[in-house]
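# Close look at the chain arrangement
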Amino acid sequence: MLKQRIITALILLPIALGGFFLLEGAGFALFIGLVVTLGAWEWARLAGFAAQSARVIYAAAVAAMLFIMYVVPGLAPWVLGAAVLWWAVATFLVLTYPQTTHHWANAATKLLIGLLILLPAWQGLIWIKQGPLGNWQIMAVMVLVWGADVGAYFSGRAFGKRKLAPKVSPGKSWEGVYGGLALSLVITAVVGFVRDWTVAQLLMGLISAALIVFVSVVGDLTESMFKRQSGIKDSSNLLPGHGGVLDRIDSLTAAIPIFAVLLWMAAS
């Protein structure tokens, strides 16, 4: 399994980095759209649709929505605003699982939630990419999420005692969250000092980083919640040793749109 994970990572990493940072405009939108469409195909399975035909139809519908969003850029504020509302609701659903399962257990609601997770993630990346520091800001949100994952892994293994959400993901602990948060805040502080941020800028950067880390944890737990309710271990087996696309981007689907909204607020 470890060998599979390493081989898959070595193949995917240059493709992902090239797609994120070398492509521009329509090429970038298409690249991210392909990832999101594959995620939609996997999400249909989590929603209870085992038949390939139904999963392909849902993925095609998501791809069509992405095209509409690309040609009608005025939809971006509405899509990102919907993400803010959704991740607030998702936090409540994760904290109250399984008592509140009946609110979203039907297939239609799950399909709608899939849109609220996938479409804003695509929109957030498109919006961030268009900025003068687009590539650096995309790298920033990824480093924050990856840093949180690395810090949570080592801190959780070393100190993990208090379960974060035992009914959703028994392996995660509050100590892991704190470790991930600490590493992400250190990374943010180092960037702030290197870029000579003012005290106010550094404070806002640290607060924003903390928010991104917490919402990325919610993104991870949300997918775990839907997999647990569906009785599914991995979203698919598209990535040998890693599971599916959603298993790799679950934290980012939450972090990216919130990061985009924070950038928009800072620029306003």
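Just above sits the structure.
Computed from a predicted structure; not experimentally measured.

## Let's talk about the packing of aromatic side chains
Per the counting criterion, the structure on display carries eight aromatic pairs. Between the aromatic rings of tryptophan 104 and phenylalanine 226, the centroid separation amounts to 4.4 Å while the plane-to-plane angle is 45°, which identifies the pairing as tilted. Here phenylalanine 226 lies in helix H8 (residues 199-230) and tryptophan 104 lies in the loop between helix H4 (76-95) and helix H5 (107-129), a separation of 122 residues in the sequence. No difference in accessibility class separates tryptophan 104 from phenylalanine 226, as the two residues are buried. Measuring from centroid to centroid gives 5.1 Å for tyrosine 153 and phenylalanine 154, while their planes differ by 85°, and the two rings are edge-to-face. What makes tyrosine 153 partly exposed here is its relative accessible area of 47%. Note on phenylalanine 154: relative accessible area 55%, which makes it exposed. The ring of tryptophan 41 carries arginine 55 above its face, with NZ or CZ at 3.9 Å from the centroid. Here lysine 129 stacks its cationic end above the ring of phenylalanine 28, 4.8 Å away from the centre of that ring.

Conventions we followed
Residues numbered from 1 in each chain as written. Predicted model: local features only at pLDDT ≥ 70, side-chain atom pairs only at ≥ 80, totals over all residues. Heavy atoms only, no water. Phe/Tyr/Trp six-rings, centres within 6.5 Å; stacked < 30°, edge-to-face > 60°. Helix = DSSP H or I, 4+ residues; strand = E, 2+ residues; numbered from the N terminus. Buried < 20%, exposed > 50% of the residue type's maximum accessible area, 1.4 Å probe, protein only. Lys NZ or Arg CZ within 6 Å of the ring centre and 35° of its normal.

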